[in-house]
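Structural characterization, general
Letter by letter, the chains look like this.
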Amino acid sequence: MPGPASMDDTDRHFPKDVGIVAIDVYFPSQYVDQSELEQYDGVSTGKYTIGLGQDKMGYCTDREDINSLCLTVVQRLMHKLEGHISYESIGRLEVGTETIVDKSKSVKSVLMQLFEESENTDLEGIDTTNACYGGTAALFNAINWIESSSWDGRYALVVAGDIAVYATGNARCTGGAGAVAMLLGNYAPLVFDRRARGIHMQHVYDFYKPDLASEYPVVDGKLSVQCYQHALDMCYQRYSRKAEMEGFKEGSSLIDMADGVLFHSPYCKLVQKSFARLMANDFLNDKNPDFQGRYAGLEDFRDIRLDQCYFDREVEKAFMAASKPLFEKKTRQSTLLSNQVGNMYTPSLYGGLVSHLVSQTMEQLAGQRIVLFSYGSGLAASMFSLRITEDMSAISGLPVLYSCLSDVKSRLESRQKSSPQEFDRIMKLREDTHNKAPYVPVGPIDTLFPETWYLTGIDSMHRRSYAKVPPVPTNVANGHTSSTVEPSPMDVSRLRKRKTEDESGSSSVKVSSPISLSGDDSLVTVPSGTSTTIETKQSSLFEASQPGVAGKLSQS
């Protein structure tokens, strides 16, 4: 039997700088205030806002489902990238979600109606499900596809979306909803570190959805927190070992190697506790801890065993206090969307990435390394990392990625607040009408953000139909400029980099294409080095929303 392959010489065969080329997020246009929900639920003041760290919770009426959320976030991202990227240039589309409205038909297949105008039906990928981990699994699948012999040079589009709702009780305040779309390719401004994933998989019933007639999960809250922390410990050890082997982690501290540390966020307080647990791991791995500096006052915890202190309040309190300055510096900003929208399930971690990006200037972000921890109950977990390019010029792609997120904060501010009574009524409506057919939604449309997809009806055969809110007729929408990103020479740069590599004698890699600044034919370099001209047809979602086309797209 042959042994494991040596990886020493394989980098030259991989596409260069595989990562996130563009990203966007969608969240509902209405929310409930958590402090008002505390009063309505009759719980102590601060239980949700301080105890869980939540300020607002976004939610969906019966006008939105998982299909509409994903339609909206994909359409928004592609609209912002008009002039850069067309629907024809996508070669893989995969959706991570645990919100199931059909046990057979995938959300990805519903999204294919966005590609009809471009006539692109040649897309690999399908839906991926395991609690909150599905988005990360879809992301890894996309990265692996780009780095494989199956890659045809086009982009991958990863979508993570969910609607998190709970039955009446103490868990309802931890709901939320949203979707994130990520465009992946080579020569990306956000580059994933290769061969540095710490993985932990285990069989456990901490959170699951066995009742297919209900949106609500079965949750063992205490067990789920324990599983999350145990998975974090395991992923920390495995990621740290691989990061050291790859040469970008030096010394005993994982926290020190990262400019940002991001977590899957069921609620913000768990994120802060998890950061403290990372410090505890660093502390126990440090052969010579600095008791005069970072670890001052922690001398009594030198011999603790992490697997015996999941709920040790004394240990938790000590490390939360010691880690607070670093938490504020490296993680707090990433909790913006979690704090304002709630738990989005599969998009939660990537909402954290969006929050990290929009909370700093491009100059501050350039050159950062970010460590991410993903967790899904059942369970599946990973720790991995990415680097942000140091190049802030137009050809790097970083300005384009950053511009795609320029409206996030203004959209948060433009949402409408609902009373707890209205929120409770909508939750009861969703419960009563779940899986009902035929059904015509009764929720308002005029409160939705412009260009949001929404459910128009479910027929007697459970077939769902959708429409889209018209765009605002001016160049200002929701308090922010509504326009596509200005074209830049980022893809000319990719071809130029490819040409330079070929002239230097390095092995051939493909370029995520076809796209061009002019909107004309684009050049794709195939593995053999031969050049092929591919005719592209620019796809516009605005055009697809016009009369005659909208009708064709309305039936999923």
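Look up: the structure comes first, before these words.
Scope of this entry: the structure provided in the associated data block. Here the structure is a predicted model, which means the values were calculated and not measured.

1. Examining the overall build of the protein chain
Along its length, the protein chain carries 17 helices and 21 strands. Looking at the 556 residues of the protein chain, the share that counts as buried comes to 57%. Looking at the protein chain as shown, the accessible area adds up to about 22,600 Å², and 50% of this sits on carbon and sulfur atoms.

2. Points about the packing of aromatic side chains
For the structure shown, the criterion picks out 15 aromatic pairs. Relative to F373, the ring of Y228 has its centre 5.3 Å away and its plane inclined at 80 degrees; by these criteria the two rings are edge-to-face. You can see Y228 sitting in helix α5 (residues 221-246) and its partner F373 sitting in strand β13 (residues 369-376), a full 145 residues away along the chain. Residue Y228 is classed as buried on the basis of its relative accessible area, which comes to 2%. Three or more aromatic residues joined by ring pairs form one cluster here, namely F283, F291, Y295, F301 and F319. The cationic tip of K222 hangs over the ring face of F311; the distance from NZ or CZ to the ring centre is 5.1 Å.

3. Description of α5
Across its 26 residues, α5 extends 37 Å between first and last C-alpha, which sits within 8% of the 38 Å expected from 1.5 Å per residue. A positive phi of about 90 degrees marks G247, the residue just after α5.

4. What about unusual backbone geometry?
In this chain, G378 is followed by L379 through a cis amide linkage whose omega measures 0 degrees. Tracing the sequence through the fold places L379 in the loop between β13 and β14 (380-388). P438 follows A437 through a cis peptide bond whose omega is -5 degrees. Take P438: it is sitting in the loop between α14 (420-433) and β16 (453-458). Of note in this structure, A131 is not a glycine but carries a positive phi near 45 degrees. Here A131 shows up in the loop between β5 (127-128) and α4 (134-146). One non-glycine residue, N435, lies in the positive phi region at around 70 degrees. Relative to the helices and strands, N435 resides in the loop between α14 and β16.

5. A look at the nonpolar core
Residues I23, L183, L184, F319, F373 and M383 are the most contacted members of the largest nonpolar core, which totals 145 residues. Ranked by the residues each element gives to this core, the list is headed by α5, at nine residues. Ignoring any residue separated from it by four or fewer positions in sequence, one finds L183 in contact with G19, I20, V21, A22, L77, L81, I85, I90, Y155, A156 and L157. Counting residues in hydrophobic clusters, the runner-up holds five residues, among them C132, A164, Y166 and F207.

6. Focus on a nonpolar patch on the surface
A cluster of nonpolar side chains, namely Y205, Y208 and V218, defines an oily patch on the protein surface of about 280 Å² accessible area. Structurally, the position occupied by Y205 is in the loop between β9 (198-201) and β10 (207-208).

7. Remarks on α4
Its 13 residues place the ends of α4 19 Å apart at the C-alpha level, agreeing with the 18 Å of an ideal helix rising 1.5 Å per residue. By the criterion of burial, α4 is predominantly enclosed, with eleven of the 13 residues buried. Taken together, the buried positions of α4 are occupied by G134, G135, T136, A137, A138, L139, F140, A142, I143, W145 and I146.

8. Overview of the packing of α5 against helix α7 (residues 268-285)
To characterise two packed helices, one gives the angle between the axes of the helices and the distance between these axes. The N-to-C vectors of α5 and α7 enclose an angle of 40 degrees; their axes lie 10 Å apart at closest approach. The angle between α5 and α7 falls in the class oblique. Where α5 crosses over α7, the two elements pack in a sense that is right-handed. Along the contact surface, α5 presents V225, Y228, Q229, L232, D233, Y236 and Q237, while α7 presents L270, S274, R277, L278, N281, D282 and N285.

Conventions adopted
Residues numbered from 1 in each chain as written. Predicted model: local features only at pLDDT ≥ 70, side-chain atom pairs only at ≥ 80, totals over all residues. Heavy atoms only, no water. Helix = DSSP H or I, 4+ residues; strand = E, 2+ residues; numbered from the N terminus. Buried < 20%, exposed > 50% of the residue type's maximum accessible area, 1.4 Å probe, protein only. Areas by Shrake-Rupley, 256 points an atom, 1.4 Å probe, with all protein chains shown as cover. Phe/Tyr/Trp six-rings, centres within 6.5 Å; stacked < 30°, edge-to-face > 60°. Lys NZ or Arg CZ within 6 Å of the ring centre and 35° of its normal. Expected span 1.5 Å × (residues − 1). Core = buried A, V, L, I, M, F, W, Y, C linked by side-chain atoms within 4.5 Å. Contact = heavy atoms within 4.5 Å. Patch = residues over 30% accessible without salt bridge, like charges linked within 9 Å, V, L, I, M, F, W, Y side chains within 5 Å. Salt bridge = Lys/Arg side-chain N within 4 Å of Asp/Glu carboxyl O. Axes fitted to C-alpha atoms, helices over the stretch in contact; angles between N-to-C directions. Parallel < 35°, antiparallel > 145°, perpendicular 65-115°, else oblique. Left-handed = near helix turned anticlockwise from the far one by under 90°.

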